[in-house]
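Commentary on secondary and tertiary structure
Single-letter residue listing:
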Amino acid sequence: MAVFESVAEPDASWPTNFAAAAVEVDSGAFTLIRQAHGAPLRQGVAASCAVPGVFPPVRIGDGVFMDGGCRSPTSADAAAGHARVVTLAVNTPLSGPAIWAMAKREAEAVEKAGGRLALVVPDAEVLQTFPMNFMDGRNRAAITEAGIAQGRREAARLRDFLG
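Residues take numbers from 1 onward in each chain, read along the sequence in its written order. Only residues with pLDDT of 70 or above have their local features reported here, since the model is predicted, and side-chain atom pairs are shown and tallied only from 80 upward, although totals for entire chains, interfaces and linings are computed over all residues. Side-chain numbers here rest on the full set of heavy atoms in the structure, without hydrogens or water.

Re the side chain of S48
Counting from the N terminus, the helices are DSSP H or I runs at least four residues long and the strands are E runs at least two residues long. If you trace the backbone, S48 turns up in helix 1 (residues 41-48). The rule is simple: take the accessible area with a 1.4 Å probe, protein chains only, and divide by the maximum for that residue type; under 20% is buried, over 50% is exposed, in between is partly exposed. Residue S48 is classed as buried on the basis of its relative accessible area of 15%. Only heavy atoms enter the contact rule, under which two residues are in contact if any of them lie within 4.5 Å. For S48, the contacting residues outside a window of four places in its chain are A20, A21, A22, D67 and G68.

Focus: helix 2 (residues 97-112)
The α-helix advances 3.6 residues per turn, and as a result positions three or four apart in sequence lie on the same side. Given a rise of 1.5 Å per residue, 16 residues ought to cover 22 Å, and the 22 Å separating the end C-alpha atoms of helix 2 matches this to within 8%. Residues of helix 2 that are buried sit in contact with strand 5 (84-88) and strand 6 (116-120). Looking one or two residues beyond helix 2, the residue adopting positive phi is G114, at roughly 95°. A helix is expected to reach a length of 1.5 Å times the quantity of its residues less one.

Some words on the nonpolar core
Grouped together as the largest cluster of nonpolar side chains are 12 residues: W14, A20, A22, I33, A39, L41, V45, A46, A47, V58, I60 and F65. Elements represented by at least two residues in this core include exactly strand 1 (20-24), helix 1 and strand 3 (58-60). The element contributing the most residues to this core is helix 1, with 4 residues. Sequence-distant contacts of I33, defined by excluding residues within four places in its chain, comprise W14, F18, A19, A20, A22, G44, A47, I60 and F65. Among the buried residues, those of types Ala, Val, Leu, Ile, Met, Phe, Trp, Tyr and Cys that are joined through side-chain atoms within 4.5 Å form a nonpolar core.

Quick notes on the sheet that holds strand 3
Two strands qualify as a pair provided DSSP detects at least 2 bridges between them. Read across the sheet, 4 strands follow the order 2-1-4-3 without closing on themselves; strand pairing throughout is antiparallel. Strands at the two margins of the open sheet, each flanked by one partner only, are strand 2 (30-33) and strand 3. Each strand axis lies, on average, 50° off the axis of its neighbour in the sheet, ignoring direction. Sheet strands touched by helix 1: strand 1, strand 2, strand 3 and strand 4 (63-67). Its angle to strand 3, the strand with the most contacts, is close to 130°. Angles run from 0 to 180 degrees between N-to-C directions of axes, and those axes are lines fitted to C-alpha atoms, restricted for helices to the stretch in contact.

A look at the side chain of T87
Within the element layout of this structure, T87 appears in strand 5. We classify T87 as buried; its relative accessible area is 4%. If we ignore the near neighbours within four places in the chain, the residues touching T87 are T74, A76, L117, A118, L119 and V120.

A closer look at the pairing of strand 1
With 5 of its 5 residues buried, strand 1 lies for the most part within the structure. Of the two faces of strand 1, the one lined by A20, A22 and E24 and the one lined by A21 and V23 are each fully buried. Where strand 1 meets strand 2, 4 bridges bridge the pair, whose relative direction is antiparallel. Within strand 2, the residue paired with V23 across the bridge is F30. With antiparallel pairing between neighbouring strands as the criterion, strand 1 and strand 2 make up a hairpin whose turn holds 5 residues, including G28 at a positive phi of roughly 80°. Sheet topology note: the strand 1/strand 4 ladder contains 3 bridges and is antiparallel. Pairing of E24 across the sheet is with F65, part of strand 4.

Quick notes on helix 1
Helix 1 sits mainly inside the fold: 8 of its 8 residues count as buried. Within helix 1 the residues assigned to the buried category are L41, R42, Q43, G44, V45, A46, A47 and S48. Residues of helix 1 that are buried sit in contact with strand 1, strand 2, strand 3 and strand 4.

Section: unusual backbone geometry
Its identity as a non-glycine residue notwithstanding, N17 has a phi of 65°, on the positive side. Inspection of the secondary structure assignment puts N17 in the segment before strand 1. For N17, a relative accessible area of 73% corresponds to the exposed category. Even without a glycine there, the phi angle at S75 is positive, about 55°. Note on placement: S75 falls in the loop between strand 4 and strand 5. S75 sits in the buried class, given a relative accessible area of 10%.

None of this, on its own, says anything about what the molecule does.
As structure tokens, this is what we get:
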């Protein structure tokens, strides 16, 4: 979990309504880890980012959790029932059509429940910073800078979307 220590201070509080998507290792059940699970924020985020074979699964309470991306690229369907949903999805040079077909089905689940969804994926500028092995941390600073710049470019669209 040490790699995720920069995500938040040890005593950082959970943002209101924030949940980290994860999969419970033993059962395969999709789980939204929330403050109610009793774990610090960075432990919940670490569980949500525990990519098999790259980062070890994270124990929270009685469960052991791994990356929610093992189930879905967006987990947007978990937000069905909300009026407006902003989904951030990592799209890498290795992402394929099946991943985006799943993301489209999840967006449809949000819309079917009466909501609207804005999907944000890395743009061409950000993708240029990704190494072939997107878990390679050597480009972390360049990816972060490109992501912040994209966030600024997306701000007006998302502000209009959120009203």
